[in-house]
Amino acid sequence: MTGSKGTADRAPSADAVLAGDRRALAAAITLLESTREADRAEAEALLQALLPHSGKAVRLGISGAPGVGKSTFIEAFGTRQIAAGRRLAVLAIDPSSTRSGGSILGDKTRMPELARSEQSFIRASPAGGTLGGVARRTRDVMLACEAAGFDLVMVETVGVGQSEAAVADMVDLYMLLVQPGAGDELQGIKRGVVERADIVVVTKADGALAGPAAHATADFEAALSLHAGEGPWTPCVIACSSLEGHGLDEIAHAVERHRAVLTQAGALEAKRAAQARAWLWREAEDTLMATLRADERLAPAVDALEAEVAAGTLTPGAAARRIVRRLLGRDA
Ligand SMILES: Nc1nc2c(ncn2[C@@H]2O[C@H](COP(=O)(O)OP(=O)(O)O)[C@@H](O)[C@H]2O)c(=O)[nH]1
Ligand SMILES: [Mg+2]
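Definitions and cut-offs
Residues numbered from 1 in each chain as written. Chains lettered and ligands numbered in written order. Predicted model: local features only at pLDDT ≥ 70, side-chain atom pairs only at ≥ 80, totals over all residues. Heavy atoms only, no water. Helix = DSSP H or I, 4+ residues; strand = E, 2+ residues; numbered from the N terminus. Buried < 20%, exposed > 50% of the residue type's maximum accessible area, 1.4 Å probe, protein only. Areas by Shrake-Rupley, 256 points an atom, 1.4 Å probe, with all protein chains shown as cover. Core = buried A, V, L, I, M, F, W, Y, C linked by side-chain atoms within 4.5 Å. Salt bridge = Lys/Arg side-chain N within 4 Å of Asp/Glu carboxyl O. Near = heavy atom within 4 Å. Polar contact = N/O pair within 3.5 Å; in protein donor to acceptor, adjacent residues only side chain to side chain. Nonpolar A, V, L, I, M, F, W, Y, C, P; charged D, E, K, R; others polar. pLDDT = per-residue confidence, 0-100. Contact = heavy atoms within 4.5 Å. Expected span 1.5 Å × (residues − 1). Axes fitted to C-alpha atoms, helices over the stretch in contact; angles between N-to-C directions. Parallel < 35°, antiparallel > 145°, perpendicular 65-115°, else oblique. Left-handed = near helix turned anticlockwise from the far one by under 90°. Phe/Tyr/Trp six-rings, centres within 6.5 Å; stacked < 30°, edge-to-face > 60°. Lys NZ or Arg CZ within 6 Å of the ring centre and 35° of its normal.

1. Topic: the overall build of the chain
Each helix and strand counted, the chain has 14 helices and 7 strands in total. Per-residue burial over the chain gives 47% buried out of 332 residues. Total accessible area on the chain is roughly 16400 Å²; 55% of this is exposed by carbon and sulfur atoms.

2. A look at the environment of F220
With respect to the helices, strands and loops of the structure, F220 is situated in helix 10 (residues 210–225). Separated by 16 residues in sequence, F220 and C236 have C-alpha atoms that sit 8.8 Å apart.

3. Observations concerning the nonpolar core
A general trend in soluble globular proteins is that nonpolar side chains are found buried together. In this structure, L25, C145 and V155 are the most contacted members of the largest nonpolar core, which totals 48 residues. V58, V68, I82 and I251 belong to the second-largest nonpolar core, a separate cluster that totals 33 residues.

4. A closer look at the pattern of salt bridges
Evaluation of the coordinates by the stated rule reveals 14 salt bridges. Residue R137 is joined to D140 by a salt bridge in which the shortest nitrogen-to-oxygen separation is 3.0 Å. Since its relative accessible area comes to 14%, R137 is described here as buried. The exposure class assigned to D140 is buried, which follows from its relative accessible area of 7%.

5. Observations concerning the site of ligand 1
The immediate surroundings of ligand 1 are formed by 15 residues, with G67, K70, T72, R110 and D206 found nearest. Between ligand 1 and G69, the relevant distance is 3.0 Å, taken from an oxygen atom to a main-chain nitrogen or oxygen of the residue. Here a nitrogen atom of ligand 1 sits 2.7 Å away from a polar atom, N or O, in the side chain of D206. Here ligand 1 loses 76% of its free accessible area of 580 Å² to cover by the protein chains. Element by element, the count of residues in the shell around ligand 1 is highest for helix 4 (residues 70–83), at 3 residues. The class makeup of the residues in the shell around ligand 1 is 4 nonpolar, 6 polar and 5 charged.

6. As for the confidence of the model for the chain
Looking at the chain, the pLDDT average stands at 86 and 84% of residues meet or exceed 70. Here residues 1–8 is modelled with pLDDT under 50, and outside its nearest four sequence neighbours on either side it reaches 19 contacts, counting other chains as well. Here residues 98–102 scores under 50 on pLDDT; set against residues more than four positions off or in separate chains, the count is 6 contacts.

7. What to know about helix 3 (residues 37–50)
For helix 3, with 14 residues, the first-to-last C-alpha span of 21 Å sits near the 20 Å given by 1.5 Å per residue. Every buried residue of helix 3 is listed here: D39, R40, A43, L46, L47 and L50.

8. Overview of the packing of helix 3 against helix 7 (residues 138–147)
Where helix 3 contacts helix 7, the axes come no closer than 9 Å and their chain directions differ by 45°. Between helix 3 and helix 7, the crossing angle belongs to the class labelled oblique. Note that helix 3 runs across helix 7; the crossing there is left-handed. Contacts between helix 3 and helix 7 involve R40, L47 and L50 from the first element and D140, L143, A144 and A147 from the second. Class assignment for the residues of the contact of helix 3 with helix 7 results in 5 nonpolar, no polar and 2 charged.

9. A word on the environment of D169
Structurally, D169 can be placed in the loop between helix 8 (163–168) and strand 5 (173–178). Separated by 107 residues in sequence, D169 and A276 place their C-alpha atoms 8.7 Å apart. A distance of 2.7 Å separates the side chain of D169 from the side chain of R282, its partner in a polar contact.

10. A closer look at the packing of aromatic side chains
Considering all chains together, one arrives at 2 aromatic pairs under this definition. Their ring planes at 20° and their centres at 5.3 Å tell us that F73 and F77 sit as a pair that is stacked. With F73 and F77 both in helix 4 and 4 residues apart, this pair spans about one turn of that helix. With respect to burial, F73 and F77 carry one shared label: buried. Plain terms: the ring middles of F121 and F150 are 5.9 Å apart, the flat faces sit at 40° to each other, and that makes the pair tilted. Note that F121 is positioned in strand 3 (residues 120–126) and F150 in the loop between helix 7 and strand 4 (152–158), a separation of 29 residues in sequence. Taking the relative accessible area as the measure of exposure, F150 reaches 3% and is therefore buried. In this structure, R87 is placed above the aromatic ring of F150, and the distance from its NZ or CZ to the ring centre is 4.3 Å.

Listed below in structure tokens is the structure:
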């Protein structure tokens, strides 16, 4: 479970992953998440071998503030999906931790059925401390899970920071979980996040919260109606109780409808292609920055430019261009 250190003892074989060997998949993920430069080439070769076997899964993103009920929902929803014959991978991104140890334990106790089932696979990943490091490898991990035969992938992330945008950029359907009785501001939800949601799920619609849940549903319906969403799908709001079970079938139907609507319009392929292109540029940015930071020859010049910018004798723009020119070797 040392995703950030990523010391795979032996390289997992693509064949073992494709055969559905869980230990091979776990080792593959550790390799993919490794931040060691020495592991990169091997990780990329493995992913390249898995890539042709990926793409058949339904990709669901789940965001929401801490405590909104994401893990409980994934357990309840996922258990039903498994009962319907699906194989489910749950990838949890934890922006608050730099180690995965704590969060995976917490999540597994909230997902006892899924943690036990042979038909599901739970993996928690630290978001990583680097700029743009949020979920940087989660897309790769998702592809590996698909290649291993999981036909539903749920990517869970706490709805704060940049992680939800990254997740929305890698899934077919993006779900935002909100709880009744707290305004969006209280839940720390930014407008842009609500606007990216394909389905808004109002959780905990049971007991004393049933009434407030109905209000929250109406509020979010009103908010969503202001923008119809892009593409052929019209976003919707559904209240559910993960504890009592109601609303879950309705959500499953909406997920299926979403799939059908996008597929019919040819929009699913187009969406995935656009996401892959966008991901290329995320990776390019990250790779450039990592290359820059790792370049020891440049460090003194960078320090000097930083000092000039801080002193107000050079503009940040001019300094940035000089750094890039040096990185590209276009400067003496
Ligand atoms: N009443 C009620 N409580 C819920 C429901 N779903 C989750 N909770 C509670 O909300 C708290 C946070 O749930 P959790 O799934 O850990 O939230 P997460 O942080 O978003 O993953 C827990 O105490 C759950 O028991 C629900 O459907 N109804
Ligand atoms: Mg959770």
